[in-house]
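The chain contents come next:
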Amino acid sequence: MAISTTMRPLISLALAEKGAARLAGQLLLAIAGTLLLILSAKTKVMLGPVDISMQTLAVFLIAAAFGMRLGVATLVLYMAEGALGIPVFQSTPEKGIGIAYMLGSTGGYLAGFVVMAAIVGWAADRGWDRHPIKLFNAMLVAEIVMMAMGFAWLALLIGPEKSWQFGVVPFIVGDLIKVALAASLVPAVWSLLKRS
């Protein structure tokens, strides 16, 4: 007898089991997720030459709560909104909109968000979202992959040295804090639900 390795992500507790009600719930959650992503992109702290947003924290939380499929679908919907010219990204409309913005300096990071959601969502689907250490490790891997994608794309545009200096180093400490925070919050919610 085969044992399923897939567990239900946190948000599944609020969704109908199947049918049109489940699909409608997933659609509403994806839209709500994009709204959270927009809000987190526009919430930023200026630190020298770079803006630090709360967006990676939002991606972590969405992926851990939604699981891989709905998490990735939410990020793809968010990217589609941006590609259509809706000013959903951190520096839009100030620094451009649509595909032109997406192919600019943040293009690798934006693509990395989708991969980040897949990695963290995959971990959540396997129950890692209930364990802070396991979730932290998955989120750290996702963070490294996203930063590597952002670095690689930015290096094509401005060279590897400047890409490292302006596209990676200023974000290391802040993003590690976001990883730790997200990896603590989701298991804490599971713990609270078990008590109730």
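Presented here is an overview of the structure given in this document. Counting starts from 1 at the beginning of each chain's written sequence and moves along it residue by residue. Predicted model: local features are reported for residues with pLDDT of at least 70 only, side-chain atom pairs are reported and counted for 80 or more only, and whole-chain, interface and lining totals are derived from all residues. Side-chain measures were taken over the full set of non-hydrogen atoms in the model, leaving aside hydrogen atoms and water.

1. Here we look at helix α4 (residues 107-125)
Three- or four-residue spacings in an α-helix give side chains the same orientation, since the helix completes a turn every 3.6 residues. In this model, α4 (19 residues) spans 27 Å end to end at C-alpha, consistent with the 27 Å of a helix rising 1.5 Å per residue. In DSSP terms, a helix is any run of H or I states spanning at least four residues, a strand is any run of E spanning at least two, and both are numbered starting from the N terminus. G127 lies just past α4 and shows a positive phi near 85°. By definition here, a helix of n residues has an expected span of 1.5 Å times n minus one.

2. What about unusual backbone geometry?
Note: most peptide bonds trans; most residues except glycine with negative phi. Going from T92 to P93, the amide bond is cis rather than trans, its omega being 5°. Counting through the fold element by element, P93 comes out in the loop between α2 (55-83) and α3 (98-102).

3. Remarks on the packing of α2 against helix α5 (residues 132-158)
At a closest axis distance of 12 Å, the pairing of α2 and α5 adopts a crossing angle of 130°. The angle between α2 and α5 falls in the class oblique. For the crossing formed where α2 meets α5, the hand is right-handed. Only M139, A142, E143 and M146 of α5 make contact with α2, whose side of the interface consists of T56, F60 and A64. Split into classes, the residues belonging to the contact of α2 with α5 amount to 5 nonpolar, 1 polar and 1 charged. Fitting a line to C-alpha atoms yields each axis, with helices limited to the stretch in contact; the angle taken between N-to-C directions then spans 0 to 180 degrees. Should an angle fall under 35 degrees it is taken as roughly parallel, and over 145 as roughly antiparallel, whereas 65 to 115 is taken as roughly perpendicular and any remaining angle as oblique. The handedness criterion is simple: a crossing whose near helix is rotated anticlockwise from the far helix by less than a right angle is left-handed, and one whose near helix is rotated clockwise is right-handed. Contacts: residue pairs with any heavy atoms within 4.5 Å of one another. Polar here means any residue outside two lists: the nonpolar Ala, Val, Leu, Ile, Met, Phe, Trp, Tyr, Cys and Pro, and the charged Asp, Glu, Lys and Arg; Gly therefore counts as polar.

4. Remarks on the layout of surface pockets
Computed from the structure, the second largest pocket encloses a volume of approximately 420 Å³. Considering the residues around the second largest pocket, the lining is formed by 19 residues, among which R22, Q26, F66, R69 and L70 are closest to the centre. Every element with two or more residues in the lining of the second largest pocket is listed here: α1 (20-42) and α2. Each residue belonging to the lining of the second largest pocket can be placed in one class, and the counts come to 10 nonpolar, 4 polar and 5 charged. Residues are said to line a cavity or pocket when one of their atoms sits within 4 Å of a point; the points come from a 1 Å grid over protein atoms alone, cavities being sets where a 1.4 Å probe fits but cannot get out and pockets being open sets with protein on both sides within 12 Å along at least five of seven lines. Grid points are joined across faces, edges and corners, and a volume is the space filled by probe spheres set on the points.

5. Remarks on α5
Here α5 is 27 residues long and its end C-alpha atoms lie 37 Å apart, about the 39 Å a rise of 1.5 Å per residue gives. To sort residues, take the accessible area from a 1.4 Å probe on protein chains only and compare it with the maximum for the residue type: under 20% means buried, over 50% means exposed, and anything in between is partly exposed. Three or more residues of α5 are buried, namely L135, A138, M139, A142, E143, M146, M147, G150, L154 and A155. Taken together, the buried residues of α5 touch α2, α4, α6 (160-167) and α7 (172-195). With its phi angle positive at about 95°, G159 sits one or two positions after the end of α5.

6. A closer look at the packing of α2 against α4
The geometry of α2 relative to α4 is characterised by a closest axis approach of 7 Å and an angle of 105° between their N-to-C directions. When the axes of α2 and α4 are compared, the pair comes out roughly perpendicular. Partitioned by chemical class, the residues of the contact of α2 with α4 number 18 nonpolar, 5 polar and 1 charged.

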